[in-house]
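Residue strings, one per chain:
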Amino acid sequence: MTLHEALANAAQGKPLVLDGGFGTMVQTFNLVEQDFRGYRYRNLPGMLLGNYEMLTLTRPDVVSEIHKAYIQAGAEIITANTFSANSISQADYGCEHLVEEMNREAVRLAREAFTQLGKEGFAVATVGPTNKSLSISPDINDPACRAVTFDQMAHAYTQQIGALIQAGADAILLETIFDTLNAKAGILAHQKAMEQTGRQVPLMLSATVNDTQGRLLSGQTIEAFVISIAHA
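Worth saying up front: this structure is predicted, and the values here are computed from it rather than measured.

**Q** Teacher, can you tell me more about the pattern of salt bridges here?
**A** Pairing is possible between side chains of opposite charge, provided their charged atoms come close. Applying the stated criterion to the full structure yields 9 salt bridges. The partner of R37 in a salt bridge is E33, with the nearest N and O atoms 2.8 Å apart. Note that R37 and E33 are positioned in helix α3 (residues 33-37) at a spacing of 4 residues, about one turn of the helix. Assessed through its relative accessible area of 9%, R37 is described here as buried. Look at E33 and you get partly exposed, because its relative accessible area is 23%. A salt bridge links E101 to R40; the nearest nitrogen and oxygen atoms lie 2.9 Å apart. Separated by 61 residues along the polypeptide, E101 in helix α7 (residues 99-117) and R40 in the loop between α3 and α4 (55-58) bring together distant segments of the chain.

This is the structure we're talking about:
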């Protein structure tokens, strides 16, 4: 049975319950810089506080506890702690060299949480929009300016998604999409990563509406967004 079929079968006759926010749960632990740094990364320059993906490597107990809390609350789909585990986002912390390890370990912890509780479910790897936009200029005085190119975005996503697929993620969730062009880079990366790994993994997308008109930050309505990514 393929993963597509497994997900479809599990959803027959009832909705599947997805877990909730990860960052808001992390905040309840009142963690400090040392929690994000640990002993292994004690000499990394800069501040790591707030880099939630580092907790996969330095405080896996916290990550596991959050996963288990959601499973015990009824979640059948757990999202791995990989939202910003890409080289573009991690460059802000000087941790881009840890991206592949972050993704592999995060999927392992998500899958392990089900096993330890004796429950069945799906470990879905979440892929965030990064902290850059392909459609919006970061410089109000230069509308044509872009902080990153499409190829750079696609490359970062391909590295991340490839590691997630190899780690055994049941599906890839491109989430909190605010820029359709970023999502297109993610879709292309998903296709490339599947070709490179030789493994077919379902793709899910979740867009974020930013105003009362029902538009994404990059300006599209949900209908326009769906048409833009319908090929995927």
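**Q** Sorry, what's going on with the packing of aromatic side chains here?
**A** Centre-to-centre distance and the angle between the planes together describe a pair of aromatic rings. Inspection of the entire model under this criterion finds 1 aromatic pair. Ring geometry for F36 and Y52: centres 6.2 Å apart, planes at 25°, overall stacked. Remark: Y52 occurs in the loop between α3 and α4 and F36 occurs in helix α3; sequence separation between them is 16 residues. Using a relative accessible area of 2% as the deciding quantity, one classes F36 as buried. A cation sits over an aromatic face here: R42 above Y39, 3.8 Å from the ring centre.

**Q** Just checking my understanding: could you explain empty space enclosed by the protein for this structure?
**A** Gaps between atoms show up when a probe of the same size as a water molecule is rolled over them. A complete count under the given rule lists 1 cavity of 30 Å³ or more for this structure. In this structure, the largest cavity is lined by V127, G128, P129, Y157, L174, E175, I177, F178, D179, N182 and A183. Broken down by secondary-structure element, the contributors of at least two residues to the lining of the largest cavity are β3 (171-177) and α9 (180-197). A per-element tally of the lining of the largest cavity places β3 first, with 3 residues. Residue composition of the lining of the largest cavity, by class: 7 nonpolar, 2 polar and 2 charged.

**Q** Sorry if this is basic, but what is going on with the packing of α7 against helix α8 (residues 150-166) here?
**A** When two helices pack together, you describe them by how their axes are tilted relative to each other and by the distance separating the axes. Where α7 contacts α8, the axes come no closer than 8 Å and their chain directions differ by 35°. Relative to α8, α7 is oriented so that their crossing is right-handed. The segment α7 lies against α8, with V99, E100, N103, R104 and V107 engaging Q159, Q160, A163 and L164. By residue class, the composition of the contact of α7 with α8 is 4 nonpolar, 3 polar and 2 charged.

**Q** Would you take a moment to explain the environment of I165 for this structure?
**A** Looking at the secondary structure, you find I165 in helix α8. For the pair I165 and L117, spaced 48 residues apart in sequence, the C-alpha separation works out to 24 Å. Contact partners of I165, with chain neighbours within four places excluded, come to I172, A193, M194, T197, R199 and V201.

**Q** Can you help me understand the sheet that holds strand β4 (residues 203-207) in this one?
**A** Picture the strands of a sheet paired through backbone hydrogen bonds; they go either parallel or antiparallel. Reading across from one edge, β1-β2-β3-β4 is the order of the 4 strands in this open sheet, with parallel pairing throughout. Since the sheet does not close on itself, it has two edges, and those belong to β1 (77-80) and β4, each with one partner. With strand direction ignored, the average angle separating the axes of adjacent strands in the sheet is 30°. Bridging between β3 and β4 involves 4 bridges; their strand directions are parallel. Within β4, the position partnered with I177 by the bridge is A207. Contacts from α8 reach β2 (122-127) and β3, with the element oriented near 170° to β2.

**Q** Explanation requested: α9 in the structure shown.
**A** Think of an α-helix as turning once every 3.6 residues; residues three or four places apart then point the same way. When the terminal C-alpha atoms of α9 are compared, their 25 Å separation across 18 residues agrees well with the 26 Å that a helix rising 1.5 Å per residue should span. Those residues of α9 not exposed but buried are T180, N182, A183, A185, G186, I187, A189, H190, A193 and M194. Of the residues flanking the start of α9, the one acting as N-cap is D179, its side-chain oxygen 2.9 Å from the backbone nitrogen of L181.

**Q** Would you explain the pairing of β1 in this entry?
**A** Residues in a regular strand point their side chains to alternate faces of the sheet. Neither face of β1 is exposed, since I77 and T79 on one face and I78 and A80 on the opposite face are all buried. Both β1 and β2 contribute to a ladder of 4 bridges, which runs parallel. Bridging from a neighbouring strand, A80 pairs with A125 of β2.

The rules behind these values
- Per chain, residues are indexed from 1 in the order of the written sequence.
- Thresholds applied to this predicted model are a pLDDT of at least 70 for local features of residues and 80 or more for the giving and counting of side-chain atom pairs; totals over whole chains, interfaces and linings are not thresholded and use all residues.
- Think of the side-chain values as coming from all heavy atoms in the structure, minus any hydrogens and water.
- In what follows, salt bridge is the name for a side-chain nitrogen of Lys or Arg lying within 4 Å of a carboxyl oxygen of Asp or Glu.
- Where helices and strands are cited, they refer to DSSP runs of H or I of at least four residues and of E of at least two residues respectively, numbered from the N terminus.
- With a 1.4 Å probe rolled over the protein chains alone, any residue whose accessible area is under 20% of its type maximum counts as buried; one over 50% counts as exposed, and the rest are partly exposed.
- We call Phe, Tyr and Trp rings a pair once their centres come within 6.5 Å, taking the six-membered ring for Trp, and we label the pair stacked below 30 degrees between planes, edge-to-face above 60, and tilted otherwise.
- Two conditions define a charge located above a ring, namely a distance within 6 Å from the ring centre to NZ of Lys or CZ of Arg, and an angle within 35 degrees of the ring normal.
- Any residue with an atom within 4 Å of a point lines the site, the site being either a cavity, points on a 1 Å grid over the protein atoms alone where a 1.4 Å probe fits but cannot get out, or a pocket, an open set with protein on both sides within 12 Å along at least 5 of 7 lines.
- Grid points are joined across faces, edges and corners, and a volume is the space filled by probe spheres set on the points.
- Polar here means any residue other than Ala, Val, Leu, Ile, Met, Phe, Trp, Tyr, Cys and Pro, which are nonpolar, and Asp, Glu, Lys and Arg, which are charged; Gly is therefore polar.
- Note on geometry: axes are C-alpha line fits, over the in-contact stretch for helices, and angles between N-to-C directions span 0 to 180 degrees.
- Here a crossing is taken to be left-handed if its near helix is turned anticlockwise relative to the far helix by less than a right angle, and right-handed if that turn runs clockwise.
- The criterion used for residue contact is that any of the two residues' heavy atoms lie within 4.5 Å.
- A strand pair is defined by DSSP finding two or more bridges across the two strands.
- By definition here, a helix of n residues has an expected span of 1.5 Å times n minus one.
- Two N or O atoms count as a polar contact when they lie within 3.5 Å, although within protein this holds only if one can serve as hydrogen donor and the other as acceptor, and sequence-adjacent residues are included solely when both atoms are side-chain atoms.

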